[in-house]
Amino acid sequence: MTNNDIFKKLRVAHKLRDDDIVKILELVDFRITKSELNAMFRREDHPNYMECGDQVLRNFLNALIIHLRGPMPKKGEKKKP
């Protein structure tokens, strides 16, 4: 299973649109355009296909955690209810 497959499955599982993914990635200061995203979601035999690198997937996973749970509290700071 490739990074592209994982990214696609997460997108479908969380019902995310391109705008949502761009905003989520901005949570970790990672910039990506909609056209780059679309290239990652294309079939491998498409001329505009782009491979999803480890850095993109890693940043997306970290940003998704922040999006779903909220930011991690700083040391010594109690979590807000």
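Residues numbered from 1 in each chain as written. Predicted model: local features only at pLDDT ≥ 70, side-chain atom pairs only at ≥ 80, totals over all residues. Heavy atoms only, no water.

For the protein, an unreviewed UniProt entry supplies the name DUF1456 family protein and the organism Psychroserpens luteus.

*Asks:* Help me get a handle on the nonpolar core, residues and values and all.
*Replies:* Among the nonpolar cores identified, the biggest contains 18 residues, and Phe-7, Ile-21, Ile-32, Leu-37, Val-56 and Phe-60 are the most heavily contacted of them. Put simply, the parts of the chain that give this core at least two residues each are helix H1 (3–13), helix H2 (18–26), helix H3 (34–40) and helix H4 (54–69). Non-local contacts of Phe-7, meaning those with residues more than four positions away in its chain, are made with Ile-21, Leu-37, Met-40, Phe-41, Cys-52, Val-56, Leu-57 and Phe-60. (Core = buried A, V, L, I, M, F, W, Y, C linked by side-chain atoms within 4.5 Å. Buried < 20%, exposed > 50% of the residue type's maximum accessible area, 1.4 Å probe, protein only. Helix = DSSP H or I, 4+ residues; strand = E, 2+ residues; numbered from the N terminus. Contact = heavy atoms within 4.5 Å.)

*Asks:* For unusual backbone geometry, give the residues involved together with the corresponding values.
*Replies:* Despite not being glycine, Lys-15 has its phi angle at roughly 50°, a positive value. By the element assignment, Lys-15 lies in the loop between H1 and H2. The class for Lys-15 is exposed, based on a relative accessible area of 73%.

*Asks:* Describe the pattern of salt bridges, naming the residues involved and giving the relevant values.
*Replies:* What the rule picks out here adds up to three salt bridges. Of the charged contacts, one joins Arg-11 and Asp-18 as a salt bridge, the two residues approaching to 3.1 Å between their closest N and O atoms. When its relative accessible area of 15% is taken as the criterion, Asp-18 is described as buried. Residues Asp-19 and Lys-34 are paired through a salt bridge, measuring 2.5 Å at the closest nitrogen-oxygen approach. Of the two residues, Asp-19 is situated in helix H2 and Lys-34 in helix H3; the sequence distance between them amounts to 15 residues. The partly exposed category is assigned to Asp-19, whose relative accessible area is 32%. Using a relative accessible area of 43% as the deciding quantity, one classes Lys-34 as partly exposed. (Salt bridge = Lys/Arg side-chain N within 4 Å of Asp/Glu carboxyl O.)

*Asks:* Got a sec to walk through H2? Specific residues and values, please.
*Replies:* Residues spaced three or four apart along an α-helix point in a common direction, a consequence of the helix completing one turn every 3.6 residues. Listed as buried for H2 are Asp-18, Ile-21, Val-22, Ile-24 and Leu-25. Buried residues of H2, viewed axially, fall in a sector of 165°; they line one side. For H2, the elements touching its buried residues are H1, H3 and H4. (Arc of directions from axis to C-beta.)

*Asks:* For the packing of aromatic side chains, give the residues involved together with the corresponding values.
*Replies:* Under the counting rule described, the total for this entry stands at two aromatic pairs. Geometrically, the ring pair formed by Phe-7 and Phe-41 is tilted, given 5.2 Å between the ring centres and 55° between the ring planes. One end of the pair, Phe-7, is in helix H1; the other, Phe-41, is in the loop between H3 and H4, and 34 residues separate them in sequence. Note on Phe-41: relative accessible area 14%, which makes it buried. Taken together, a centroid distance of 4.7 Å and an interplanar angle of 50° make the contact between Phe-7 and Phe-60 tilted. Highlighted residues: Phe-7 in helix H1 and Phe-60 in helix H4, separated in sequence by 53 residues. Residue classification places Phe-7 among the buried positions, given a relative accessible area of 1%. Classification of Phe-60 by relative accessible area gives buried; the value is 0%. Taken together, Phe-7, Phe-41 and Phe-60 form an aromatic cluster joined through their ring pairs. Here the basic side chain of Arg-11 rests over the ring of Phe-41, its NZ or CZ set 4.2 Å away from the ring centre. (Phe/Tyr/Trp six-rings, centres within 6.5 Å; stacked < 30°, edge-to-face > 60°. Lys NZ or Arg CZ within 6 Å of the ring centre and 35° of its normal.)

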